[in-house]
Amino acid sequence: MTNPILPTDAAARDLALRLIREGVSASLATLDPSGHPFASLIAVAGDDDARIFSLMSALSAHTKHLAADPRCALLIAPGGKGDPLAHPRLSLKCQARWIARESDEGQRARERLLHGNPGAKIYIDFLDFRLVVFDIQAASLNAGFGKAYELSRNDLF
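Residues numbered from 1 in each chain as written. Predicted model: local features only at pLDDT ≥ 70, side-chain atom pairs only at ≥ 80, totals over all residues. Heavy atoms only, no water.

Structural notes on the overall build of the protein chain
What counts here: Elements are defined by DSSP. Helices are runs of H or I of four residues or more, strands are runs of E of two residues or more, and each kind is numbered from the N terminus. Values of the radius of gyration come from C-alpha atoms, whereas the globule rule sets the reference at 2.2 Å times the count of residues to the power 0.38. Surface accessibility in these figures is a Shrake-Rupley result with a 1.4 Å probe; residues are shielded only by whichever protein chains are displayed.
Within the protein chain, the regular secondary structure consists of four helices and nine strands. For the protein chain, the N- to C-terminal ordering of α and β elements is β-α-β-β-β-β-α-β-β-α-β-β-α. Whereas a compact globule of 157 residues would reach a radius of gyration of roughly 15 Å, the protein chain reaches 16 Å, a difference of no more than 12%. Overall, the protein chain is about 50 × 35 × 30 Å in size when its C-alpha atoms are taken along their principal axes. In the structure as shown, the protein chain presents an accessible area of about 8,800 Å², 57% of it carried by carbon and sulfur atoms.

Structure follows, in structure tokens:
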């Protein structure tokens, strides 16, 4: 069997960055205290610098998991009509990092989150919500049938 991973090219990098910038939701995989994987759906907002932000309630299980172990994965899969496996999707290996609301990065996160999800205005200032940025370590892009790429951190930055 030949290696199904194609050489990363400009088109793959551009598609990965577009998925990050345009993504409004992602599947988040965290590790629970026993080390078992836990998946949830979160609202996200990406920017032109390949940063992915989210807003998380202190009440959610995934927030508690990330506070104990920041290793996580995100799957951005916007989907479309027909076979869901025929559409591009991006799987990201990340480290979650909490950011202060008053910092420049916190203000950027707030701006991006409200731009992509205006309904978050209702709860974005609740004190039990925290801003998080997902620092990307590596990515796996499936651009459609037979189009798989492995991207390094440098490919996205």
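Now that the structure has been shown, the text picks up again.
Observations regarding the packing of aromatic side chains
What counts, and what does not: Two rings belonging to Phe, Tyr or Trp (six-membered ring only in the last case) form a pair when the distance between their centres is within 6.5 Å. Interplanar angles under 30 degrees mark stacking, angles over 60 mark edge-to-face geometry, and anything in between is tilted. Think of it as a cone above the ring: NZ of Lys or CZ of Arg counts as a charge over the ring if it is within 6 Å of the ring centre and within 35 degrees of the ring normal.
Tallied over the entire structure, the rule returns two aromatic pairs. Counting every residue linked through ring pairs, the aromatic cluster contains Tyr123, Phe126 and Phe129. The ring of Trp98 carries Arg130 above its face, with NZ or CZ at 4.0 Å from the centroid. Note that Arg153 overlies the ring of Phe157, its terminal NZ or CZ placed 4.6 Å from the centroid.

Digging into helix α2 (residues 61–68)
Here is the rule we go by: The buried label goes to any residue with under 20% of its type's maximum accessible area, the exposed label to any with over 50%, and the partly exposed label to all in between, with areas taken from a 1.4 Å probe on protein chains only. By definition, the arc is the one covered by directions from the helix axis to the C-beta atoms. Contacts are assigned to residue pairs with any non-hydrogen atoms lying within 4.5 Å of each other.
Turning to α2, its buried residues number three or more, namely His62, Thr63, His65 and Leu66. One side of α2 holds all its buried residues, which, seen down the axis, span an arc of 160°. The outward face of α2, more than 90 degrees from its buried face, is lined by the exposed residues Ala67 and Ala68. Those residues of α2 that are buried are in contact with β2 (25–31), β3 (37–43), β5 (52–57), β6 (71–76), β7 (89–99) and β8 (129–142).

A look at the pairing of β3
Applicable threshold: Think of it this way: DSSP has to see at least two bridges between two strands before they count as a pair.
One ladder, built from seven bridges, connects β2 with β3; its direction is antiparallel. The residue of β3 that forms the bridge with Thr30 is Phe38. Counting the residues between successive antiparallel strands, the hairpin from β2 to β3 contains five residues, one of them, Gly35, with a positive phi of roughly 90°.

Considering the pattern of salt bridges
Think of it this way: side chains of opposite charge can pair up when their charged atoms draw near. Selection rule: Salt bridge, as used here, is a side-chain nitrogen of Lys or Arg placed within 4 Å of a carboxyl oxygen of Asp or Glu.
What the rule picks out here adds up to 12 salt bridges. Among the salt bridges present, the one from Arg71 reaches Asp69, with a minimum N-O distance of 2.7 Å. Of the residues examined, Asp69 reaches a relative accessible area of 18% and is grouped as buried. A single salt-bridge network, built from bridges that share partners, covers Asp47, Asp49, Arg51, Arg97, Glu105, Arg108, Glu111 and Asp135.

A closer look at the pairing of β8
Inspection of the sheet shows β5 paired to β8 by six bridges, in the antiparallel sense. Within β8, the position partnered with Met56 by the bridge is Arg130. Where β7 lies against β8, 11 bridges are found, and the strand directions are antiparallel. The residue bridging Leu90 from the neighbouring strand is Leu141, located in β8. The sheet contact formed by β8 and strand β9 (residues 148–152) spans five bridges and is antiparallel.

Thoughts on the environment of Asn117
Following the sequence through the fold, Asn117 ends up in the loop between α3 (104–116) and β8. Distance from Asn117 to Ala77, taken between C-alpha atoms, is 17 Å for residues 40 residues apart in sequence.

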